[in-house]
Amino acid sequence: MTAGSGDVTMYDCWLGYRRAGPEAVVAGSGDVLSRVAVSGASAVLRTALAELVRGLSALTGRVPAVVPEQTAGPLVLIAAPRSAAGAHALTTMTRTRGPADGEDEVIVMTALARPGQVVLTSNTEAGCLHAVFAFLRRLQAGQAPAGLHVADGTASRLRMVSHWDNLDGTIERGYAGASIFFKDGQVTQDLHRVRDYARLLASVGVNAVCVNNVNVTAEAARLLTAAHLPRLARLAGIFRDHGIRLFLSVSFDSPMILSGIRAADPLDPQVRDWWRSQAGQVYAHIPDLGGFQVKADSESRPGPSVYGRSQADGANVIADALRPFGGVVLWRAFVYDCWQDWRDRSTDRARACYDTFMPLDGAFGENVIVQAKLGPMDFQVREPPSPLLTALRLTSAAIEVQITQEYTGQQKDLCFLHPQWHEVMNGRAVVDGDVTTLAHVVSGHKTGRPNGGVTGVVNVGDDPSWTGHVLAQANLYAFGRLAWDPGIDPGTVAAEWVTATFGAAEPVASTVTRMLLDSWRVYESYTAPLGVGWMVTPGTHYGPSVDGYEYSRWGTYHFADREGIGVDRTAATGTGFTAQYEPGQARMYEDIGSCPDELLLFFHHVPYRHRLKSGKTVIQHIYDSHFDGAEDARRMLRDWLSLAGHLDPVRFEQVRSRLELQVANAKEWRDVVNSYFFRKSGIGDELGRKIF
Ligand code: GCW
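Residues numbered from 1 in each chain as written. Predicted model: local features only at pLDDT ≥ 70, side-chain atom pairs only at ≥ 80, totals over all residues. Heavy atoms only, no water.

J.: Even after reading the chapter, I still don't get the site of the ligand, so can you show me in this structure?
T.: Near the ligand there are 15 residues, and of these Glu172, Lys295, Lys373, Asp378 and Glu406 occur at the shortest range. At 2.5 Å, a side-chain N or O of glutamate 172 approaches an oxygen atom of the ligand. At 2.9 Å, a side-chain N or O of arginine 173 approaches an oxygen atom of the ligand. Within the complex, the protein chains bury 97% of what would otherwise be the 340 Å² of accessible surface of the ligand. (Near = heavy atom within 4 Å. Polar contact = N/O pair within 3.5 Å; in protein donor to acceptor, adjacent residues only side chain to side chain. Areas by Shrake-Rupley, 256 points an atom, 1.4 Å probe, with all protein chains shown as cover.)

J.: What exactly am I supposed to notice about the sheet that holds strand 15 (residues 396-402) here?
T.: Pairing between sheet strands relies on hydrogen bonds along the backbone, with the strands arranged either parallel or antiparallel. If you trace the eight strands once around the closed barrel, you get 7-10-11-12-13-14-15-18, paired in parallel fashion. Pairs of neighbouring strands in the sheet enclose a mean axial angle of 25 degrees, with direction left out of account. Sheet topology places strand 10 (residues 208-210) next to strand 11 (residues 245-250); three bridges connect them, and they run parallel. Residue pairing for strand 11: cysteine 210 is matched across the bridge by phenylalanine 247. (Pairing = 2+ DSSP bridges. Helix = DSSP H or I, 4+ residues; strand = E, 2+ residues; numbered from the N terminus. Axes fitted to C-alpha atoms, helices over the stretch in contact; angles between N-to-C directions.)

J.: I'm lost on the packing of aromatic side chains in this one. Help?
T.: We describe a pair of aromatic rings using the distance from one ring centre to the other and the angle between the two ring planes. Tallied over the entire structure, the rule returns 31 aromatic pairs. Centroid distance tyrosine 283 to phenylalanine 325: 4.6 Å. Interplanar angle 10 degrees. Geometry classified as stacked. Of this pair, tyrosine 283 sits in helix 10 (residues 269-285) while phenylalanine 325 sits in the loop between helix 11 (311-322) and strand 13 (328-332), and the two are 42 residues apart along the sequence. Among the residues examined, phenylalanine 325 registers a relative accessible area of 33% and is labelled partly exposed. Members of the aromatic cluster, each reached through a chain of ring pairs, are Tyr11, Phe181, Phe182, Tyr197, Phe239 and Trp466. Here arginine 349 stacks its cationic end above the ring of tyrosine 336, 3.8 Å away from the centre of that ring. Across the ring face of phenylalanine 602, the terminal group of arginine 569 is positioned such that the distance to the ring centre comes to 4.2 Å. (Phe/Tyr/Trp six-rings, centres within 6.5 Å; stacked < 30°, edge-to-face > 60°. Buried < 20%, exposed > 50% of the residue type's maximum accessible area, 1.4 Å probe, protein only. Lys NZ or Arg CZ within 6 Å of the ring centre and 35° of its normal.)

J.: Would you explain the state of the cysteines in this entry?
T.: Under the counting rule described, the total for this entry stands at zero disulfides. Not engaged in a disulfide, the cysteine cysteine 415 finds its nearest cysteine sulfur in cysteine 13; these two sulfurs lie 19 Å apart. (Disulfide = S-S within 2.5 Å.)

J.: Sorry, what's going on with the pattern of salt bridges here?
T.: Here the idea is simple: oppositely charged side chains can pair when their charged atoms come close. Applying the stated criterion across every chain yields a total of 38 salt bridges. In this structure, arginine 332 engages glutamate 400 in a salt bridge whose closest nitrogen and oxygen atoms are separated by 3.2 Å. Of the two residues, arginine 332 sits in strand 13 while glutamate 400 sits in strand 15, which places them 68 residues apart along the sequence. Using a relative accessible area of 2% as the deciding quantity, one classes arginine 332 as buried. Ionic pairing is found between aspartate 434 and lysine 446, a salt bridge with its closest N-O pair at 3.1 Å. Here aspartate 434, found in strand 17 (residues 434-437), pairs with lysine 446, found in the loop between helix 15 (438-443) and strand 18 (453-457); they are twelve residues apart in sequence, far enough to count as distant. (Salt bridge = Lys/Arg side-chain N within 4 Å of Asp/Glu carboxyl O.)

All quantities given are derived from atomic positions and should not be read as evidence of function.
Rendered as structure tokens:
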């Protein structure tokens, strides 16, 4: 990168390989880190070897020698999946830890299979690269290579980041500069940056990337044609070298946009033939394309409903075209009426996804993955889990999270999202009477449809720090770690990221880790209260506007009046949304006594004096959380300022200026929300603080 060492530091993210662990570990590791070898010759293995050399050189201060794989004596060996050493290490590992249940990729790091040597291997080639990154991560955290004996598997077959990048270089809901893929209507030629990005993604196990916006313009529909395919193929090649498959977003109207066909009816043979032949052209350029992502019948995008066809009809015509090439269709379940009349209290946007898709369970082709957002509404700071994700049995599913902080502070405010994702993914699900987690159901291994996984709308642009806010890099890191292992603890991940990014030295390590782990709760506390969501400025979605969406067509209401606030989604008296959950969860949300405080206003309309489980009234909670949140934002800024002199100036300054924006934003939210509810309810603050 350009201009000064600070920019390099921002640009490197968590892969700067600054020495962090006790030097003694690396120094005491004998010669094992001074020689490396690889068995196997593919491009991904070459990437793995290059990374190993790069990482060891930086961490030990010595460039390791690359030696032939049969060399006796200490060395680190990357062993291809079917090589003798790889197979031996995998079997040894399976013997000690037992057969892995429902794992798609297993990485193995062991010093036991070949005494004196470390073997890094996997059941897949990409896994060998992932094993190298995992090994370097452990070294950096201070773990000694001798005695290393780790097998780590993932059940998520798909671990994808999605870009909402447009061909003109803008990014929908992007807060970190322009697209790294597109400029002036063309696919970029700056492959250097793409290569560095592929490396970042591979380092956390991401294995798929969709490069263009799901809102596909007529211009972007042309990505499927020879006008763009040769350049897209070059991007695909770079990602391929890093074990990552390229995906494209396509318009449901593509047959109309790109040919003379007058309608895109999925049951029309002409349309079916068009998709087949177009898929053939695409795969001629990119033989391992992952497939297509489709946003149809959603927010005015074209879709099968225009022709009276179902979502399954729409998905299947495209899936059929991709099947011969091994491609999949990611069919987004974000289908709802965005032209609602706010006067209509009977329609509930939260119901739409389940109501549309659940009756079609079993109707989707094998290579369709129904992709539903984490919550039933739209990436709010707090939502209950999407009931569709735990209910589908005969359909592969993916859970979609938003890494880009559209509703969570737009990379101006700090909001580390892993705790939110973790909570939802580890939420309760029941399959055939067995209690399990949402993540396990989504992986499909419980239901025999193991095509699914985790996708995230990514937060990256061409900003020198990639994410606009250095600490927002942690969200990209955490996304990869969580997609690999939905159970991994956010505290572990935050500490890993901080160590890799800033080093393990105090006071930086514990201060930054704490800031990350507090930040979601803090952001929630000064924005919309108790799960009600949405009180954001219309359009931009940054900053407060309590009634901004209240009298609009988007189905996003809080129903505050002088008596109370919240949306009655109960089966007894409300919209019936609670009944979409399995009985245990349905009862919990339905009963005001057991509904968790933080989701109370999502499920219930209550008087302002309703007492929460915390003992506070709703109105007092609103006041307290907003005063506390604004104060917590100031405290985070003070904590950061206390690190002056312990950090490089470029990163220090960038985060400082962002935290100052956050302090101002939190204050604005506090005063707007508190004043609104004071004026609505006429109830004063018990502590008599200043409300306007
Ligand atoms: O939250 C909304 C965003 C839109 C986005 C949409 C979606 C790509 O405001 O910008 O469109 O979600 O997920 O399709």
